Amino acid sequence: MSAFERVTRRSLLRGGAVMLGSAMAAPLLSSCGGGAKSGNAKELTFWNFYGPNPKADAQSKWFTDLVAGWNANNEVKIKLHYLPVSEYIAGTALQTAFSAGQGPDIFLLSPGDFLRYHNGHVLADLTPYLKPDQIADFDGGVLNTRKVDGKIYGLPMEQEPLAVYYSVDAFEKAKLSEGDIPKTWDQWLDVAAKLTTKDQFGLLFETIPGYYQNFTWYPFMWMAGGSAVPENGGAGFNVPGVHQALKLWQDAINSKVAPRKPQGDGAGNAAANLAGGYVAMQQTGIWSVSQLEAEKKDFKYGVFPLPVPDGGTYTTDIGGWAFVANAKGANPDAAGKFIAWALGATDAAGVERGRQWNTVVKTNLPARKSVQEAAKAAGAFDKPALKVFLEQVVPGGRGEPRYTPEVYKAVSDAIQATQLGGVDPAKAAADAASKIDTFLKGYKGAAML
Amino acid sequence: MQPCSDAPRVAPPVWTRRRREALAGYAFVAPDLLGLLVFVGLPMVLAVGVSLFSVDGFGGYTYVGLDNFRQMVEDAQLWQSVKVTLTYMVTFVPIGFVVSLGLALLVRDHFPGVGLVRTMFFLPHVISLVVVGVAWQFLLADKQGAVPALLRPVGLGDVSFLGNPALALGSLVAISIWFFMGYQMLILLGGLKDIPKEYEEAARVDGATSWQRFRHIVWPLLRPTSFFVLVNSTVGAVTGLQAFDLVYVLTKGGPANSTSSVVFYIYQQAFTFNNDGYAAALTTVVVGFLIVATGLMFGFTKGGRFDVG
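Along each chain, residues carry numbers from 1 onward, in the same order as the chain's sequence is written. Chain A is the first chain written and ligand 1 is the first ligand written, with later ones labelled in order. Since the coordinates come from a predicted model, pLDDT governs what is reported: local features require at least 70, and pairs of side-chain atoms require 80 or more to be given and counted, while whole-chain, interface and lining totals use all residues. Just so you know, side-chain values use all the structure's heavy atoms and leave hydrogens and water out.

K.L.:
Hey, could you run me through the overall build of chain B in this one?
P.N.:
Secondary structure elements are taken from DSSP: a helix is a run of H or I of four residues or more, a strand is a run of E of two residues or more, and numbering for both begins at the N terminus. When you go through chain B residue by residue, the secondary structure sums to 13 helices and 2 strands. The dimensions of chain B, computed from C-alpha atoms along their principal axes, are 105 × 70 × 35 Å. The buried share of chain B, taken over its 309 residues, is 41%. Exposure was quantified through the Shrake-Rupley algorithm and a 1.4 Å probe, taking into account, for residues, occlusion by the shown protein chains and nothing else. Summed over its atoms, the accessible surface of chain B is roughly 17,000 Å², and 69% of this surface lies on carbon and sulfur atoms. Between the averaged position of the 20 positive side-chain charges in chain B and that of its 18 negative side-chain charges there is a distance of 8 Å. Note on exposure labels: buried denotes an accessible area under 20% of the residue type's maximum, exposed denotes more than 50%, and partly exposed covers the range between, all computed with a 1.4 Å probe on protein chains only. Positive charges are assigned to Lys and Arg, negative charges to Asp and Glu, while His and the chain termini are left out of the count. Where a charge lies is defined by one atom per residue type: Lys uses NZ, Arg uses CZ, Asp uses CG and Glu uses CD.

K.L.:
Even after reading the chapter, I still don't get empty space enclosed by the protein, so can you show me in this structure?
P.N.:
Rolled over the atoms, a probe sized like a water molecule indicates the empty space that remains. Residue and element names in this part refer to chain A. Points on a 1 Å grid, built from protein atoms alone, make a cavity when a 1.4 Å probe fits but cannot get out and make a pocket when they are open with protein on both sides within 12 Å along at least 5 of 7 lines; residues with an atom within 4 Å of a point are the lining residues. Grid points are joined across faces, edges and corners, and a volume is the space filled by probe spheres set on the points. Using the criterion set out here, one finds 6 cavities of 30 Å³ or more in the structure. As a volume, the largest cavity reaches approximately 100 Å³. The wall of the largest cavity is formed by 14 residues, among which Met157, Leu343, Gly354, Asn358 and Arg368 lie closest to the centre. Contributions of two or more residues to the lining of the largest cavity are made by helix 12 (332-344) and helix 13 (348-360). With 4 residues, the single largest contributor to the lining of the largest cavity is helix 13. Of the residues contributing to the lining of the largest cavity, the split by class is 10 nonpolar, 2 polar and 2 charged. Each residue gets one label: Ala, Val, Leu, Ile, Met, Phe, Trp, Tyr, Cys and Pro are nonpolar, Asp, Glu, Lys and Arg are charged, and the others, such as Gly, are polar.

K.L.:
Honestly, the packing of helix 12 (residues 262-271) of chain B against helix 13 (residues 276-300) of chain B in this entry has me stumped. Any pointers?
P.N.:
Relative orientation and spacing of two packed helices are given, respectively, by the angle between their axes and the distance between those axes. All names here are of chain B. To obtain each axis, a line is fitted to C-alpha atoms, and for helices this fit is confined to the stretch in contact; angles are then taken between N-to-C directions over 0 to 180 degrees. Closest axis-to-axis distance for the helix 12/helix 13 pair is 7 Å, and the angle between their directions is 160°. In this view, helix 12 runs roughly antiparallel relative to helix 13, as classed from their interaxial angle. Every pair of crossing elements has a handedness; the one defined by helix 12 and helix 13 is left-handed. Of helix 13, the residues touching helix 12 (which contributes Val262, Tyr265, Ile266, Gln269 and Ala270) are Asp276, Tyr278, Ala279, Leu282, Thr283 and Val286. Class assignment for the residues of the contact of helix 12 with helix 13 results in 8 nonpolar, 2 polar and 1 charged. Between 65 and 115 degrees an angle is taken as roughly perpendicular, under 35 as roughly parallel, over 145 as roughly antiparallel, and anywhere else as oblique. For a crossing to be left-handed, the near helix must be turned anticlockwise from the far one by less than a right angle; the clockwise case is right-handed. Contact between two residues is taken to exist if any of their heavy atoms lie within 4.5 Å; hydrogens are not considered.

K.L.:
When you look at the packing of aromatic side chains in this model, what are you seeing that I'm missing?
P.N.:
Describing an aromatic ring pair means giving the distance of the ring centres and the angle of the ring planes. Aromatic rings from Phe, Tyr and Trp, with only the six-membered ring used for Trp, were paired whenever their centres fell within 6.5 Å, and each pair was classed as stacked if the ring planes differed by under 30 degrees, edge-to-face if by over 60, and tilted otherwise. For the coordinates displayed, the defined rule picks out 56 aromatic pairs over all chains. A centroid spacing of 5.5 Å and a plane angle of 15° characterise the contact between Tyr88(B) and Phe92(B), whose relative ring orientation is stacked. Placement of the pair is Tyr88(B) and Phe92(B) together in helix 3 (residues 76-106), with a separation of 4 residues, close to one helical turn. With respect to burial, Tyr88(B) and Phe92(B) carry one shared label: buried. A connected cluster of aromatic rings, assembled from ring pairs, spans Phe46(A), Phe49(A), Tyr50(A), Trp62(A), Phe63(A), Trp70(A), Tyr88(A), Trp321(A), Phe323(A), Phe338(A), Trp341(A) and Trp357(A). Lys252(B) extends its terminal NZ or CZ atom over the ring of Tyr248(B), reaching a point 4.7 Å from the ring centre. Look at NZ for Lys and CZ for Arg. If either is within 6 Å of the ring centre and within 35 degrees of the ring normal, a charge sits over the ring.

K.L.:
Please explain the domain arrangement of chain A as it appears in this structure.
P.N.:
How big an interface is tends to be stated in terms of accessible area lost as the parts join. Residue and element names in this part refer to chain A. These domain boundaries are the output of an automatic or database domain assignment. Domain boundaries in chain A define domain 1 (3-159 + 319-395) and domain 2 (162-318 + 402-441). Residue-level contacts link 28 residues of domain 1 with 23 residues of domain 2. If you sort the residues of domain 1 by the area they bury against domain 2, Thr363, Phe389 and Val393 come out on top, with a joint share of 28%. Throughout this description, the term salt bridge denotes a Lys or Arg side-chain nitrogen within 4 Å of a carboxyl oxygen of Asp or Glu. Counting every contact that joins domain 1 to domain 2 gives 1 salt bridge. Between Glu293 and Lys383 there is a salt bridge; the shortest N-O distance is 3.7 Å. Side-chain atoms alone can form a polar contact between residues adjacent in sequence; in general such a contact is a pair of N or O atoms within 3.5 Å, and within protein one must be able to donate a hydrogen while the other accepts it. Linking domain 1 to domain 2 there are 5 residue pairs in polar contact (both at pLDDT 80 or more). Within the residue set of the side of domain 1 that touches domain 2, elements represented by two or more residues are helix 5 (111-119), strand 4 (147-148) and helix 15 (384-393). With 7 residues, helix 5 is the single largest residue contributor to the side of domain 1 that touches domain 2. By buried area we mean the combined loss of accessible area, with a 1.4 Å probe, across both parts when two parts are placed together.

K.L.:
Would you take a moment to explain the packing of helix 5 (residues 129-139) of chain B against helix 11 (residues 241-251) of chain B for this structure?
P.N.:
Residues and elements named next belong to chain B. Two elements in contact, helix 5 and helix 11, have axes separated by 9 Å at closest approach and are oriented at 40°. In terms of orientation, helix 5 lies oblique with respect to helix 11. Pair helix 5 / helix 11 crosses with right-handed handedness. Counting all contacts with helix 5, which are made through Leu129, Val130, Gly133, Val134, Trp136 and Gln137, the residues of helix 11 involved are Leu241, Gln242, Asp245, Leu246, Val249 and Leu250.

K.L.:
Explain the environment of Val247(B) here, please?
P.N.:
All names here are of chain B. Along the chain, the position of Val247 falls in helix 11. With a relative accessible area of 3%, Val247 lands in the buried category. Spatially, the C-alpha atoms of Val247 and Ser261 are 7.8 Å apart, while their sequence positions differ by 14 residues. Residues in contact with Val247, not counting those within four places in the same chain, are Leu172, Gln242, Lys252, Gly253, Thr259, Ser261 and Phe264.

K.L.:
I'm lost on the interface of chain B and chain A in this one. Help?
P.N.:
Taken together, the contact pairs 43 residues of chain B with 52 residues of chain A. Summing the contributions of chain B and of chain A, the shared interface buries around 3,900 Å²; its carbon and sulfur component is 62%. Where chain B touches chain A, the interface holds 1 salt bridge. Between Arg152(B) and Asp199(A) there is a salt bridge; the shortest N-O distance is 3.7 Å. If you list the elements that add at least two residues to the side of chain B that touches chain A, you get helix 1 (17-50), helix 5, helix 11 and helix 12 of chain B. Along the lines of polarity and charge, the residues of the side of chain B that touches chain A split into 23 nonpolar, 13 polar and 7 charged.

K.L.:
Hey, could you run me through the side chain of Ser60(A) in this one?
P.N.:
Residue and element names in this part refer to chain A. By the secondary structure assignment, Ser60 is in helix 2 (residues 58-71). When its relative accessible area of 4% is taken as the criterion, Ser60 is described as buried. Excluding its chain neighbours within four sequence positions, the residues that come into contact with Ser60 are Tyr50, Gly51, Pro52 and Asn53.

K.L.:
I tried to follow the nonpolar core on my own but got confused; where do I start?
P.N.:
For soluble globular proteins, nonpolar side chains are generally found buried alongside one another. Note on terminology: a nonpolar core comprises buried Ala, Val, Leu, Ile, Met, Phe, Trp, Tyr and Cys residues joined through side-chain atoms within 4.5 Å. In terms of nonpolar packing, the biggest core is built from 133 residues, with Trp188(A), Trp217(A), Phe237(A), Met281(A), Phe323(A) and Phe338(A) touching the most fellow members. Of the domains in this structure, domain 1 (3-159 + 319-395) and domain 2 (162-318 + 402-441) of chain A are the two that each give at least three residues to this core. Grouped together as the second largest cluster of nonpolar side chains are 41 residues, Phe161(B), Ile175(B), Phe180(B) and Val286(B) included.

K.L.:
I'm lost on the UniProt feature "domain: ABC transmembrane type-1" (unreviewed entry) in chain B in this one. Help?
P.N.:
UniProt positions are given in the numbering used here, feature names are shortened, and annotations may be inferred rather than shown by experiment. In the numbering adopted here, UniProt assigns the feature "domain: ABC transmembrane type-1" (unreviewed entry) to residues 82-297 of chain B. Secondary structure across residues 82-297 of chain B comprises 75% helix and 0% strand; the distance between its end C-alpha atoms is 21 Å.

K.L.:
Quick question: what am I supposed to make of the environment of Lys337(A) here?
P.N.:
Residue and element names in this part refer to chain A. Following the sequence through the fold, Lys337 ends up in helix 12. Considered as a pair, Lys337 and Phe215 are 122 residues apart in the sequence and their alpha carbons are 31 Å apart. The contacts of Lys337, once residues within four sequence positions are left out, are Trp70 and Tyr129.

K.L.:
Quick question: what am I supposed to make of the pairing of strand 7 (residues 160-167) of chain A here?
P.N.:
Side chains on a regular strand alternate between the two faces of the sheet. Residues and elements named next belong to chain A. Counted residue by residue, strand 7 has 8 buried out of 8 residues, so it is predominantly covered. Across the two faces of strand 7 the burial is the same, with Glu160, Leu162, Val164 and Tyr166 and Pro161, Ala163, Tyr165 and Ser167 all buried. At least two DSSP bridges between two strands are required for those strands to pair. As paired elements, strand 7 and strand 11 (residues 317-319) share 2 bridges and run antiparallel to each other. Looking across to strand 11, one finds that Glu160 is bridged to Gly319. Relative to strand 9 (residues 279-285), strand 7 runs antiparallel, the two sharing 5 bridges. Paired with Leu162 across the bridge in strand 9 is Gly285. In the sheet, strand 7 pairs with strand 10 (residues 301-304) via 4 bridges, with the strands oriented antiparallel. Of the residues in strand 10, the one forming a bridge with Tyr166 is Gly302.

Next comes the structure, spelled out in structure tokens:
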């Protein structure tokens, strides 16, 4: 009897069943361990979208130097894990990792996504690792959206306010000067109309649905007196102010002074839109100063604060990412110490690290007073654009809010329905408010701010 | 010594050639079948399991029975997505088929350069769908894109193909047809070439027109191939790459949810809202729908064999 003849259909099926059974058991076994700590207690993973990245730019180097500095003096090592920014923000890697119980020990988190992770009980309390003077060093209310019940769950590395950038050439061609810079919403639409040509739109607001679009629309909601969720006993989303804010973005589209689709990867990209001649004015953040310097060095532009509605009060949205630690990571204690050292240290080296990140490799407003003072002393805010941000844009601003995905989506649907769908602002606001109110009735997580 | 006269007879052989060949066939298929079971079958079973739980996305599971399925009834956004997917399907599938068949008929007969023409029609399919999305984003850019520039002389330069809710889904359909027409053309071309030339030649000799030859000879004999293309196309429209990749790259489900397909919506539920249980339930229903739809199509058409001997 040959060897081949010993293989029977039954034995083959039995072998297949064994392999199948093993395969089925594997994910079940791994999911059983989901609640336990995973990973290496002596080597912490730090997921981020800056470094080490293939371009090996200055921002990447800052991260690799940061980690090298820590690793040189500590037993527990940090290992960077780079993800492209689009994959990090909109991709599935981070969420999938947490679902599988394999989330990183340290990662970057924006206020917009804070509640998702906090309500999922994965953020570690960083308060024990910070001295009172270090906590006090954080400027204004920058920690507010990272705090719950007095405990700090994330340390911000930067502040990124929104403003309006404009093309000097476009203004000149339309025979406009600095004196024509709009201060009210009506003036803004008028100026945008004058700047609109066959090949160029006058103004750009984000039109792609997502967290970024919401982030850029919130200041208009606030200026007009609205809020996504009731604040300080005030009204909620369905108020005249919100209708006004939705109408501003709708009018910009309907009057054809703003495009229905931005260029590049969105309205936060000034090089592709403003400097590319696609639009003459663009709402974007302070990060565009360094982007334009790196990619469109010769482009002439100015910056002005967001215009204010009649009867409204100025404000802007100040975003920015934070370092957070995974409470279920391999070593949250070491992670907490690293974060406090990296972003909270008030010694000369710590302040210099902050200055380098915020005003040398990037253009941000530092999150800490000590770093701001050091940056001013070094002349960082002598640049015209940054000077406008520091003196005109930031005062009166408020931190990027933290809303749950459900509230974010309701607001997003309202923005999209009015801006691009032509729906009446009052109806869109009412629909969204209804969803938000329904959700809030059953909500038990941390406060939305 | 002579053999004993009462020695036992030799038993008939257990392994016949036919049995060994069948076994060899199973052995060759086993690795692929195993892969299919592990990477497709197993996730499906697990998804059904997860659909009975409320999952927070961070390792927490709470049994909720059929609540995730009941939630679907009241989910207005879901029904909007169903509408989007059905609209996409009923436009992409038939139009894509007609375009592909037209191309296949066009390049069926030999003419100088026919190979090059076939290649050019197939070329879009070779590119990654994500790259296709980025390329069309440039072509369709408001005011500055190549398409608006071409349309400006006829007064359509201000049309926003991806930014207008009334046009965005249609734009995705058009791009999808452009992407898949070459692939489908190739399959249909194979089917056309399987048809014996003698049939049409005989009909031509008898005076049949081009249309009559197509209607009564080519079309009926093309039915098995057509069936394959249509099934493939339908499944792809509901859950294939274009149901997600193009939406993700070009529109993110916008503007105003006008391109939020069911698959994109499932993605949002899983990765934006952490509603893994609900996403799994939706996936279960989608798979169920496809199984039923495909089963019905197979049943009505005898597995695509029709009445061809």
